[in-house]
Amino acid sequence: MWLREELLKSIWHAFRALDRDQRGKVSKSQLKVLSHSLCTVMKIPHDPVALEEHFRDDNKGPLSNQGYMPYLKRFILDKVQEDFDILEFNKVCWTLCCKNICVKHLLISEDDAFKVWCIFNFLSEDEYPLVIVVEEIEYFLRKLMEASGGGGGEGQWSEEKLQLSLKSNSLTVWELLHLLGSGYFSKGLSHHSLSMGISELFQELILDVLKQGYMMKKGHKRKNWTERWFVLRPNSLSYYISEDLVEKRGDIVLDQFCSVESLADKEGRKCLFIIKCSDKSFEISASDKKKKQEWIQAIQTCIQQLSLGLSSPHREARLRRRELRQRQQVQVEDLEDRMKQLQAANENKQRQLEEMRKKMEEAAERAAMEEYRRKRTQADLQNRYQLDLEREKMVRQQMEKQIAQKSSELEQYLQRVKELEDMYHQLEEALEDERQAKLDEEAMRKLQARLLDEETGKRAELEQLHLSQQMALSQTEAEKQELVAEQLAKERQLQAAMSQLDKLESERQEALEKYKEVSRKLEHAANKTKTWKDKVAKHEGLVRLIQPGHKGPQRITNWGLASITDTELEMRKKSWQKRKNEDAQ
C-alpha cells in the first residue's frame, strides 16, 4: 500500500510538469510518452493499444488527471512488482518536473535538489496537491542539521522563522527547495556540509540505510578476515568493497528467525559478534566496543521489526507522527466543540445577566427619585443655614482683611530691613573685591615692567645680532667684489695669454718656414764643409741652430712639432705652476 502511494506522488509531479498551462489537463501524446517511460522503468509490458482503447472516447482535447488515473491504476500500478529500481523510477519523474526550478541561483546542486524532492515525497501528506506540513518541515530541518553537523539547528532556524516562511502552515516542494537553496534555513553551513547532510538524510529516509561503516568479515571458504563496507537496511545487511557502493560482495538477508550474538575475542580478533541465519552464520569484527554494541543493537532492532511485521523504522515513525497529528486534530476539534458549547452557555448567562441588569436599573431609578426628594428637602434647610453663614462669613472676611493689611505692612518693613542688610553686605564685598583688584593690578604692573625689561634686553641683543649680520653681509659683499675683480683680472690675463699664444703660433709658423729654408741650405752646404758643425757645436751654449730632429717620436706642443727643447718646456711648466699657485692663494 505504501509503495503505491509513493509512486503516485512522483507520477503526480510528472503529470503537473506536463501541464504547462496549469489547467489540469495534458495531451494524449504526452501521456503516451509518460506511460511508456513508467512501464519501462518499472519493468511492466507496455500495451499502446490498451491506452488507445481506454481513451477511445476522449478525442476532444487534453486529458485531465481524473481521466488518466483509472488507466494508471488498472494498466500500470496494479501490475507493479517490487523487483524494479524505485530510485531510477524517481529520476525519470524528476527529469520531467525539474524544469520548474532553476538550481543555478541556489546553494544546492541538481543532485541535491533531486534528493530533497524525494524526501519531500516521503514526508508529504497523502492528499493532493502535495504539501508538507509544518511538523514534517521541522522534523526534516532538525534531521538535516544533525546530519550536517549543525547540532539540533538551534542557531540555524527557529519556529518563528519557520512560521514567517509559511503561508498556510505548509510548503510545496518548489517552495521548500527555494528556501533551502537560498540559505534561509542553512545560514552558517557550507555548501559541502549542506550537501553531505542532504545525502545522509536521503540514504536514511529514502534508501532505508539504518547504519553503515567499515568492519572486518570472516570468509566462509578461505576463513580469512577482509575489510568490507557494511550497509544495514530493514531486511538485509549488504557488504561492499568500499564505501562508494560500486562493487557489492554479498547480502545477509534478515528475517524473524535470524539472531545476533556477541562473541569472545579469538584468533587475535577483538569486538566480535555473529549473525546467525537459517542457512549460514557470519562472523564480524567491529573496530571498537562501542561500534560493536551499536551494530548489535541496530541488527536486533531490524529483526524485531521484521518479527512484528513492521516496515522500515522511518515509515513507522512517519505513520506515528501522522497518527499523532490526527489525534491532535481530533482533540482540537473536540476542544472547539467544547468551546462552542461553553460559548453558547456563556451567551445564555449573558442574557440572564442582561435581564438582571435591567431590573437593577429600574430599581436604581426608583431609588434615585426617592433620593432626589430627600436631597431637595435637605437643600431647603441648607439654604436657610447658608444665609446665616454668609453673614458671619462677611464679618469674618472684613476682620481678616484688616489683619492681612497689618501683616502685609509688617512684612514690607521686614523686607526693607532685609534689603538694607543685603545691600550693606554687598558693599563690603564690593570694597573687598576692589582692594583685591588693586593688589592684582599692582602685581600685574610689576609683571609687565619685568617683561618690558626682558623685552628691552632681548631687543638689544637682536639689534647687536642684526649689526653683526650686516657687517658679515658687507664683508661678504666686499669679498664677492674682490672675487669678481680677481676673476676679471684672470680673464684679462687669459685674454693676454691667448693673444700671446696666437702671436707665438704665428712666430712658430715663421720659424718653421725659416727652418725649412735653412734645412735646404744646410743640406746644400753639408757637402761643401764639415768644420762648420764643429764650430757651431763649440758655441752651442750661445747660439743654438735648429737642426733636423732625430727619427724617434716627436714631441707635440701648442706651438707645433718640436718647436722648443725639453729644457725650455720644463722651465715653462715651472713658470705656469708658480703662477697657478699664486692665483690660488
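Residues numbered from 1 in each chain as written. Predicted model: local features only at pLDDT ≥ 70, side-chain atom pairs only at ≥ 80, totals over all residues. Heavy atoms only, no water.

An unreviewed UniProt entry annotates the protein as Switch-associated protein 70 of Takifugu flavidus. Under the Subunit (unreviewed entry) heading, UniProt states for the protein: "The SWAP complex consists of NPM1, NCL, PARP1 and SWAP70." (UniProt positions renumbered as here; feature names shortened; annotations may be inferred.)

A. Local environment of the overall build of the protein. On a plain count of helices and strands, the protein comes out with 14 helices and 13 strands. Counting the 585 residues in the protein, one finds 28% classified as buried. Considering only residue pairs separated by 6 or more positions, the protein has 59% of its internal contacts joining residues 24 or more positions apart. (Helix = DSSP H or I, 4+ residues; strand = E, 2+ residues; numbered from the N terminus. Buried < 20%, exposed > 50% of the residue type's maximum accessible area, 1.4 Å probe, protein only. Contact = heavy atoms within 4.5 Å.)

B. View of a negative patch on the surface. A cluster of acidic side chains, namely Glu333, Asp334, Glu336 and Asp337, defines a negative patch on the protein surface. As for its position among the elements, Glu333 is in helix 12 (residues 313-525). (Patch = residues over 30% accessible without salt bridge, like charges linked within 9 Å, V, L, I, M, F, W, Y side chains within 5 Å. Areas by Shrake-Rupley, 256 points an atom, 1.4 Å probe, with all protein chains shown as cover. Salt bridge = Lys/Arg side-chain N within 4 Å of Asp/Glu carboxyl O. Lys, Arg positive; Asp, Glu negative; His and termini not counted. Charge placed at Lys NZ, Arg CZ, Asp CG, Glu CD.)

C. Fine view of the pattern of salt bridges. Tallied over the entire structure, the rule returns 28 salt bridges. Here Arg416 makes a salt bridge to Glu419, at a shortest N to O gap of 3.7 Å. In this pair, Arg416 and Glu419 are both assigned in helix 12, 3 residues apart and thus about one turn of the helix distant. Through salt bridges with shared partners, one network takes in Glu125, Glu136, Arg321 and Arg325.

D. Local environment of helix 12. Here helix 12 is 213 residues long, yet its end C-alpha atoms lie only 147 Å apart, well below the 318 Å a rise of 1.5 Å per residue gives. Turning to helix 12, its buried residues are His314, Arg315, Glu316, Ala317, Arg318, Arg321, Arg322, Arg325, Arg508 and Ser519. (Expected span 1.5 Å × (residues − 1).)

E. Up close: the sheet that holds strand 7 (residues 236-240). Here 7 strands make up an open sheet; going across it, the order is 8-7-6-5-11-10-9 and the pairing antiparallel. The open sheet has two edge strands with one neighbour each: strand 8 (248-253) and strand 9 (259-263). Taking the axes of each pair of neighbouring strands and ignoring which way they run, one obtains an average angle of 35 degrees across the sheet. Relative to strand 6 (residues 225-233), strand 5 (residues 211-218) runs antiparallel, the two sharing 8 bridges. (Pairing = 2+ DSSP bridges. Axes fitted to C-alpha atoms, helices over the stretch in contact; angles between N-to-C directions.)

F. Quick peek at the nonpolar core. With 63 residues, the main nonpolar core has Leu38, Met42, Tyr68, Phe89 and Phe140 as its most contacted residues. Counting residues in hydrophobic clusters, the runner-up holds 22 residues, among them Leu232, Trp295, Ile296 and Ile299. (Core = buried A, V, L, I, M, F, W, Y, C linked by side-chain atoms within 4.5 Å.)

G. A look at the confidence of the model for the protein. Across the protein, pLDDT averages 80, with 86% of residues at or above 70. Here residues 152-156 scores under 50 on pLDDT; set against residues more than four positions off or in separate chains, the count is 11 contacts. (pLDDT = per-residue confidence, 0-100.)

H. Broad picture of the side chain of Asn121. Following the sequence through the fold, Asn121 ends up in helix 6 (residues 110-123). When its relative accessible area of 5% is taken as the criterion, Asn121 is described as buried.

I. Up close: unusual backbone geometry. Pro129 follows Tyr128 through a cis peptide bond whose omega is 0 degrees. For Pro129, the position within the fold is in the loop between helix 6 and strand 3 (132-133). Residues other than glycine seldom take positive phi values, yet Lys223 does so here, at roughly 60 degrees. With respect to the secondary-structure elements, Lys223 resides in the loop between strand 5 and strand 6. A positive phi angle, near 55 degrees, is found at Cys271, a position not held by glycine.

J. Structural view of the environment of Phe114. Structurally, the position occupied by Phe114 is in helix 6. Note on Phe114: relative accessible area 4%, which makes it buried. Sequence separation of Phe114 and Phe202 is 88 residues, and the distance between their C-alpha atoms is 9.7 Å. Residues contacting Phe114, with those up to four places away along its chain left out, are Leu87, Asn90, Lys91, Trp94 and Phe202.

K. Up close: the packing of helix 6 against helix 7 (residues 134-148). The N-to-C vectors of helix 6 and helix 7 enclose an angle of 135 degrees; their axes lie 11 Å apart at closest approach. Relative to helix 7, the element helix 6 lies oblique. Helix 7 is crossed by helix 6, and the crossing has right-handed handedness. Contacts between helix 6 and helix 7 pair Val116, Ile119 and Leu123 from the former with Glu136, Tyr139 and Phe140 from the latter. (Parallel < 35°, antiparallel > 145°, perpendicular 65-115°, else oblique. Left-handed = near helix turned anticlockwise from the far one by under 90°.)

L. Structural detail: the pairing of strand 5. Among the 8 residues that make up strand 5, 6 are buried, leaving the element largely enclosed by the rest of the structure. Hairpin connection, strand 5 to strand 6: the antiparallel pair is bridged by 6 residues, and Lys223 has positive phi, about 60 degrees. Sheet topology places strand 5 next to strand 11 (residues 281-285); 2 bridges connect them, and they run antiparallel. Following the sheet pairing, Met216 is matched in strand 11 by Ser285.

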